[in-house]
Amino acid sequence: MTLAKPAAGQSGTAPLPSAPGPKRNKIKTGEGRLAFMLVAPTVALLGLIVGYPIIKAVYQSFLSDTRTIDPETGQFGEAGAWAGLTNYKQWLLQQCPTPTGRTVRCPTGTLGSQFWDSVTVTVGFTVVTVLLETVIGMIFALMMNRAFRGRALVRAAILIPWAIPTAVTAKLWQVVFDPQGILNKMLGTNFAWTSEVWPARTAIVIADVWKTTPFIALLILAGLQGISADIYESAKVDGANAWQRFVKITLPLVKPALAVAVIFRTLDVLRMYDLPQILTGGANGTTTMSILVVDQLNSGLNSASALSTITFLFIFAIALGMVRLFNANIVGTPGKGGK
Amino acid sequence: MSPKVALGAVSLLGAAVVLAGCGGSDGNGNNSGGDDKAASARGPITFVTGKDNSGLMPNLAKEWNAKFPNEKVTIKQQSDQADQQLSDLQQHFQAKDPNYDVVTVDVVWTAEFAAKGWIIPLEGQYQMDTSKLLGPTVDQATYNDKLYAAPYASDAGLLYYRKDLVSKAPATWDEMLAACKGKTGPSITGAQPACYAGQFAKYEGLTVNGAEAINSAGGQIVKEDGKTPNVVTDEAKKGLEFLVNGFKQGYIPKEALGFQETQSLNAFQAGQLMFLRNWPYANAILSGPSSKVAGKFGIAPLPGPDGPGASSLGGHSVAISTYSKYKATALDFLKFVQSDAIQKYNLNQGSQAPVIESLYSDPELVKKFPYLPVLAEGIENAIPRPVTPFYPAVTEAIQTNIYAALQGETSVDEALKNLQAAIESGTAG
């Protein structure tokens, strides 16, 4: 295959000129020390601002919440005794306390019992929305990349949803999905969109896809613009049809941009809070992990810390996995390092 | 050389500021024990309250400042969302902020604030006269047999009904359903209006409506200790069944599963509902120019299974922060906001339900607000939502389980059993 060769060659290593190994050695020892001294204060400051709250939250997650009440005064006892893994057990193993001091499987209606549901819901949203956004985003990007009359208008139209704040988007879709809203009027139905499980989830997916597809489209477009028209020309000469050109040239060459977009979006959806909170208030099977964290904060700070630590580790693990999977060049390491 | 030094100095300075900031909040060890001086101390105070949508606050400040020119009050307005008001108060109390002298407390927050030692009990030298007040408003401000807050504004659920379609207000659930027969449909978008709706979205309003149904049928959610759940009873079952059957048999429209106050009000205002449960404030909007039912609706007490039902109590109290430096002034402020003059002004200018019993039969006020006697009856029969420092867990348990039953996901029996277990777990300790 004549046309497979150049494409594969281009895609294997990232098209971006990544810093090769020898260049780094050119820095003299003295320069390295100066660089370190210059950067150190910033790192220390960042460590304080960013690191301190994270470490504190992780530490708090091992403390108990105030649950004892002095029968005389009615006041809460002292908070924060060392509780070991109690908080984690509550979430991961569904062990909730009882008045007699034993633990039982968290009853329906406690926040503890909603943990695994929220994980499933969050992952479900992530898979569905990112898939849809990638496919639609690719189509939009290909459209925007074409030269045609009114292209600027189409580009602007596609990008507008991304420019609107999420909270506004959520309110907007709330109006659309209202029982007496536009959607029901158009479809001639009287469906209570946000009051039943699957319609509510669908509503959130639609709103999220509407809002963030432009983001993916934009990144893919940037990737597309970097592909030289010559490659397509020669592929055409070699007799490749449109589908072959897309699969063998476009896809491999936009892969780095696509990977960045997908990873960013995935991390974004995994910590999604505002859209479902405003649209459904977390009701009807739309409580994401972040909504659960905020709900728990009202009942107990330390158990909420445990939950946010779990959420953090969960998202971190997925991020790490995805970077590996895509062998992506987003952290600046040379592509060959992954294999 | 010099830029490096400068950079390092700037960073160090930044770090020092951050460190100082961290230390500041913790090092302010001004706790409740050593406040004997503050008890008689007088000085300017700050009154923290939710967003003033009715414009009453400037007058309040003006009146007070005229009376106490040396101890002026500053009004600090929070958001108009209850959740945000709560978290703002929690944060300031945790930081032991001495600038939050007097705070507005939603009826369901009192117990938590009291148990955390954030607000002071109104006893001893802080004694307040509660004899003129409506009983339930005092009950909801009381925790562990001590009054912790001064009732300021009250609220109770009322039944709004279509006078043009129904000859007289129903006193019982059966009468209400009988009045709906043949005149209503199962959806708010149908040709006929739907029968009845309250606030059934999964939020605090569902706790209010669920508690009303259960209390009206003679059930209770927690026992008098504010902790032990008591929902696996025939009475509670009867109450919850009224709502669950409503969705099953169609006398509550299915759209109501997404209703909060505004949506339910909109539906009634558009003529899509025969009966609506809402707060007194709805009266003003329903009588307004954009209402299709202006002049066509009446107001009655909530119905129950055998006679008038029991409303959940709403409203706000005013409490003194433990960390206030000028508690004597704060106490006077509490008495001031509860005075006849202020309570009357708030009713006249903001339609805010007073906490003083006698105002509800004041002929002049009744002439202006014909629903006052009905409201007084509603408040007298009202039952506070559980008074417990574990309120967030309790309301979550109520909302989740009642919502599941309304959706038909769980049976009434199962929902109540789960609710019992969830409250037990949420208040264990």
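Our subject is the structure that appears above.
Below is a short write-up of the structure. Source: prediction; values computed, not measured.

A look at the sheet that holds strand E8 (residues 194-197) of chain B
All names here are of chain B.
Next up, step 1: Spatial strand order, E8-E9-E7-E10: 4 strands in an open sheet with mixed pairing. Of all strands in the sheet, those with a lone pairing partner are E8 and strand E10 (297-300), marking the two edges. Within the sheet, the average angular offset between the axes of one strand and its neighbour, ignoring direction, is 15°.
Next up, step 2: Pairing analysis gives 3 bridges linking E8 to strand E9 (residues 273-278), with the strands arranged parallel. Looking at the pairing, Ala197 lines up with Leu276 of E9.
Next up, step 3: On top of the sheet, helix H10 (residues 261-269) reaches strand E7 (158-162), E9 and E10; it is set at about 150° to E9, its chief contact.

Topic: the packing of helix H11 (residues 242-270) of chain A against helix H14 (residues 301-326) of chain A
Residue and element names in this part refer to chain A.
Next up, step 1: Running from N to C, H11 and H14 cross one another at 170°; their axes reach a closest spacing of 10 Å. With respect to their mutual orientation, H11 and H14 come out roughly antiparallel. For the pair H11 and H14, the crossing hand works out as right-handed. Contact residues: H11 offers Lys255, Ala259, Val262, Ile263, Thr266, Leu267 and Leu270, while H14 offers Phe314, Ile315, Ile318, Ala319, Met322, Val323 and Phe326.
Next up, step 2: Classifying every residue of the contact of H11 with H14 by side-chain character gives 12 nonpolar, 1 polar and 1 charged.

Points about empty space enclosed by the protein
A water-sized probe rolled over the atoms picks out the places where empty space is left.
Residues and elements named next belong to chain B.
Next up, step 1: Scanning the model with the defined rule gives 3 cavities of 30 Å³ or more in all.
Next up, step 2: Space inside the largest cavity adds up to approximately 110 Å³.
Next up, step 3: If you go around the largest cavity, the residues you meet are Trp173, Tyr196, Phe200, Asn209, Glu212, Ala213, Ser216, Phe242, Leu243, Arg277, Leu302 and Pro303.
Next up, step 4: At the level of elements, helix H8 (204-216) and helix H9 (234-249) are the ones that each hand at least two residues to the lining of the largest cavity.
Next up, step 5: The element contributing the most residues to the lining of the largest cavity is H8, with 4 residues.
Next up, step 6: Looking at the lining of the largest cavity residue by residue, the classes come out as 8 nonpolar, 2 polar and 2 charged.
Next up, step 7: By volume, the second largest cavity is sized at about 70 Å³.
Next up, step 8: Residue lining of the second largest cavity: Val107, Val108, Thr110, Ala111, Gln140, Leu313, Pro384, Arg385, Pro386, Val387, Thr388 and Tyr391, and that is the complete set.
Next up, step 9: Tallied by class, the residues present in the lining of the second largest cavity amount to 8 nonpolar, 3 polar and 1 charged.

Points about the sheet that holds strand E6 (residues 150-156) of chain B
Residue and element names in this part refer to chain B.
Next up, step 1: One open sheet holds the 5 strands; their spatial order is E2-E1-E3-E11-E6, and the pairing between them is mixed. The sheet is open, and its two borders are formed by strand E2 (73-77) and E6, each paired with just one other strand. Neighbour-to-neighbour, the strand axes of the sheet open up by a mean angle of 20°, direction not taken into account.
Next up, step 2: Sheet topology places E6 next to strand E11 (residues 313-320); 6 bridges connect them, and they run antiparallel. Counterpart to Ser154 in the pairing with E11 is Gly315.
Next up, step 3: In the packing of helix H4 (residues 82-94) onto the sheet, the strands contacted are strand E1 (45-49), E2 and strand E3 (102-106), and the crossing angle to E3 comes to about 135°.

Notes on the side chain of Asn209 of chain B
Residues and elements named next belong to chain B.
Next up, step 1: Looking at where Asn209 falls in the secondary structure, it is placed in helix H8.
Next up, step 2: Residue classification places Asn209 among the buried residues on the basis of a relative accessible area of 3%.
Next up, step 3: One polar contact links the side chain of Asn209 to the main-chain carbonyl oxygen of Gly205, over a distance of 2.8 Å.
Next up, step 4: Among all residues touching Asn209, those that are not within four sequence positions of it are Gly198, Gln199, Phe200, Leu243 and Arg277.

Some points on the packing of helix H13 (residues 289-299) of chain A against H14 of chain A
Residue and element names in this part refer to chain A.
Next up, step 1: Put simply, H13 and H14 touch, their axes get as near as 8 Å, and they point 165° apart. By the angle between their axes, H13 is roughly antiparallel relative to H14. As H13 packs across H14, the resulting crossing turns out to be left-handed. Contact residues: Met289, Leu292, Val293, Gln296 and Leu297 in H13; Leu301, Ser303, Ala304, Leu307, Ser308, Thr311 and Phe314 in H14.

Looking at the environment of Ala256 of chain B
Residue and element names in this part refer to chain B.
Next up, step 1: Structurally, Ala256 is set in the loop between H9 and H10.
Next up, step 2: Accessibility expressed as a relative area gives 0% for Ala256, which makes it buried.
Next up, step 3: Sequence separation between Ala256 and Val103 is 153 residues; the distance between their C-alpha atoms is 34 Å.
Next up, step 4: Not counting the four nearest positions on each side in its chain, Ala256 is found in contact with Ala197, Phe200, Ala201 and Phe247.

Describing the packing of aromatic side chains
Next up, step 1: Counted under the stated rule, the structure contains 29 aromatic pairs over all chains.
Next up, step 2: Linked through ring pairs, Phe47, Trp64, Phe68, Phe333 and Phe336 of chain B together constitute an aromatic cluster.
Next up, step 3: Positioned over the ring face of Trp198 of chain A is Arg201 of chain A, at 4.6 Å from the centre of the ring.
Next up, step 4: The ring centre of Trp279 of chain B lies 4.4 Å from the NZ or CZ of Arg277 of chain B, which sits over that ring.

Topic: the interface of chain B and chain A
Note: interface size is frequently given as the accessible area lost on complex formation between the parts.
Next up, step 1: Across the boundary between the two partners, chain B contributes 45 residues, which contact 40 residues of chain A.
Next up, step 2: Here chain B and chain A share an interface that buries about 3,400 Å² over both sides, 58% of which is from carbon and sulfur atoms.
Next up, step 3: Our count for the contact surface shared by chain B and chain A stands at 0 salt bridges.
Next up, step 4: Joining chain B to chain A, the criterion identifies 12 residue pairs in polar contact (both at pLDDT 80 or more).
Next up, step 5: Elements supplying a minimum of two residues to the side of chain B that touches chain A: helix H1 (2-27), helix H5 (110-115), helix H16 (391-406) and helix H17 (412-426) of chain B.
Next up, step 6: With 9 residues, the single largest contributor to the side of chain B that touches chain A is H1 of chain B.
Next up, step 7: Considering only residue class, the side of chain B that touches chain A consists of 20 nonpolar, 17 polar and 8 charged.

The rules behind the values
Residues numbered from 1 in each chain as written. Chains lettered and ligands numbered in written order. Predicted model: local features only at pLDDT ≥ 70, side-chain atom pairs only at ≥ 80, totals over all residues. Heavy atoms only, no water. Pairing = 2+ DSSP bridges. Helix = DSSP H or I, 4+ residues; strand = E, 2+ residues; numbered from the N terminus. Axes fitted to C-alpha atoms, helices over the stretch in contact; angles between N-to-C directions. Contact = heavy atoms within 4.5 Å. Parallel < 35°, antiparallel > 145°, perpendicular 65-115°, else oblique. Left-handed = near helix turned anticlockwise from the far one by under 90°. Nonpolar A, V, L, I, M, F, W, Y, C, P; charged D, E, K, R; others polar. 1 Å grid on protein atoms, 1.4 Å probe; cavity = no way out; pocket = protein on both sides within 12 Å on 5 of 7 lines; lining within 4 Å. Points joined across faces, edges and corners; volume = space filled by probe spheres on them. Buried < 20%, exposed > 50% of the residue type's maximum accessible area, 1.4 Å probe, protein only. Polar contact = N/O pair within 3.5 Å; in protein donor to acceptor, adjacent residues only side chain to side chain. Phe/Tyr/Trp six-rings, centres within 6.5 Å; stacked < 30°, edge-to-face > 60°. Lys NZ or Arg CZ within 6 Å of the ring centre and 35° of its normal. Buried area = accessible area lost by both parts, 1.4 Å probe. Salt bridge = Lys/Arg side-chain N within 4 Å of Asp/Glu carboxyl O.

These figures capture arrangement, not role.
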